[in-house]
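Survey of secondary and tertiary structure
One-letter residues, chain by chain:
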Amino acid sequence: MRKLFIFIMTMVIGCSLCSCGSGGTNGTADTDSAAKGGGTEAASQAGTVQKMGGKGELTFCCSPYSDSACYTEDGYYYLCNDETKLKGGDWGGHLMYMDYATRQEIYLCSTAGCKHDSLDCPAMLSSEDFPISTTKLFTFKGHLYILSREYDQDGSITMEITGDNSGPAMAESKPAVLYCAGLDGTNRRKVFSFDAELTLEDRIIQDENGIYVVTKKNKQEKKGDKAYHVSSERKLMFLDLASMELTEVCPMTFGDDIKWEIDGCYGDSLILSGIDYGRKLTREEEEDDDIYRDIYLKSTKVFSVLDLKSGKKKEFYRQRNKEDYSYQFIGGIMYISTSDSKDIMALDMKTGKKKRICSLANNQIMYHVGETLWCLGWDLTKDNTYYFVNTKTGKVSHSPLVNKNNGWSLEIRAYNDSDVLVVYDYDATKNADDSYEIHRYKCALISKKDLYAGREKYREIKMIGSGE
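All figures in this text were calculated on a predicted structure; none of them were measured in a lab.

Before going further, it helps to examine the sheet that holds strand β34 (residues 436–447). Across the sheet, which stays open at both edges, the four strands sit in the order β32-β33-β34-β35 with antiparallel pairing between neighbours. At either margin of the open sheet sits one strand with a lone partner, and together these are β32 (411–415) and β35 (459–460). Pairing analysis gives eleven bridges linking strand β33 (residues 419–430) to β34, with the strands arranged antiparallel. Following the sheet pairing, D427 is matched in β34 by R440.

So, in structure tokens, the structure goes:
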């Protein structure tokens, strides 16, 4: 669905890429550091897709459960959402690590005697250089990568109240920058800078050689005191993490009015999705909530596979938006449910064959961990407990475990072969309006067997950070 964010600022007085490659118009490698960093078919509107497959299984780089986090078999990395005032008046966020073996959370810093209160600390990231919530973390071949990127305002509206009629001011663009460090946070260095004109979207996919990102150019179109943020030249790009060469794979336009976004991946293919309204919407239709809702309910969400090995895109499913629905991708299978049916269906994206794997009233699919779907009911005011579906057997299990503080659903942070890292409790204050001010998200490991059986056998993490 479209994004509509209106930022009203305090009143103030007065005025307030075609070809690609390293060193080209789309980005620049740090040469010293780069060497160390380790349905129907359609072609792209601008031509054929640069064939990029055959470089290992495509996977998501970053955690799908948190904004600025990633995990390995051994532990969980995250950048704190709460900012800390540092010596000298700067602000920053702590880079944290939860070690599964010791069940201890630490600042990602090995400097003896460090107080973690200045930018000299490896675990402290400047808020100016590493924006909270939009910075991405991922691991690749024994290194920790940190992608600094600004908030993507595409599709939003900003409004400023000023002392004159100049309208909203253009914000200065800062380039997205990729850093590489050891898994212990040491030796952090800049390895690649994207062109300052480019904005990077959220999803990052990796193969055995590097990462795929969607880049675009954002601009403001002013009308009175409003600025409409729109994008152009959206492209799928590949960054080789050994050579630090940036290559265009294809434009993200395919001869229709659908804004295609990366929704998943498997094998050599990206899974794309987008809303088909039947035509291009006007700005007035997008901005008016009532008009937009009527149009949205008549639209469909379209899913396609973009095969990077063959260079072909093929539609495999359409879902009406007038229904409440949920889905997850596991390998080449899409698991789908709707609120008006108890069935969870499995759709083979290659063959188009569809079959029922189970019948379950609480069949809203929230996550998947390996081959297991995590499901809740459609009315979250009645039941916050999870139902787990084994996609291989169709067997359903139920766990009564909920957050110990307020009965909310458990929050997943990460998992490995045997365990799941969950938020099982809060340090929180209940407000007069029944909302909660959460001071700390308490994390614990629990084995998959115990979790799916509803056995409360948490192994608590010794926390020092906020957990979020």
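Moving on, we come to the sheet that holds strand β24 (residues 325–330). Read from one edge to the other, the open sheet built from four strands follows the order β24-β25-β26-β27, with strand pairing classed as antiparallel. A strand with exactly one partner marks an edge of an open sheet, and here the two such strands are β24 and β27 (354–359). Strand after strand, the sheet turns through a mean of 25° between neighbouring axes, direction not considered. Where strand β26 (residues 343–348) lies against β27, five bridges are found, and the strand directions are antiparallel. Each residue of the ladder has a partner; that of L347, found in β27, is K354.

Before going further, it helps to spend a moment on the confidence of the model for the protein. On average, the protein scores 86 in pLDDT, and the residues at 70 or more come to 86%. This stretch, residues 1–25, has a pLDDT under 50; its non-local contacts, to residues over four places away or in other chains, come to 66 contacts.

So, on to the pattern of salt bridges. In this structure the tally under the stated criterion is 21 salt bridges. Here K382 makes a salt bridge to D379, at a shortest N to O gap of 3.9 Å. Residue classification places K382 among the exposed residues on the basis of a relative accessible area of 71%. For K442, the salt bridge identified is with D427, shortest N-O distance 3.3 Å. With K442 in strand β34 and D427 in strand β33, this residue pair connects regions lying 15 residues apart in the sequence. Residue classification places D427 among the partly exposed positions, given a relative accessible area of 30%. Taken together, the salt bridges that share partners define one network made up of E197, K217 and E233.

Cut-off values and rules
- Residues numbered from 1 in each chain as written.
- Predicted model: local features only at pLDDT ≥ 70, side-chain atom pairs only at ≥ 80, totals over all residues.
- Heavy atoms only, no water.
- Pairing = 2+ DSSP bridges.
- Helix = DSSP H or I, 4+ residues; strand = E, 2+ residues; numbered from the N terminus.
- Axes fitted to C-alpha atoms, helices over the stretch in contact; angles between N-to-C directions.
- pLDDT = per-residue confidence, 0-100.
- Contact = heavy atoms within 4.5 Å.
- Salt bridge = Lys/Arg side-chain N within 4 Å of Asp/Glu carboxyl O.
- Buried < 20%, exposed > 50% of the residue type's maximum accessible area, 1.4 Å probe, protein only.

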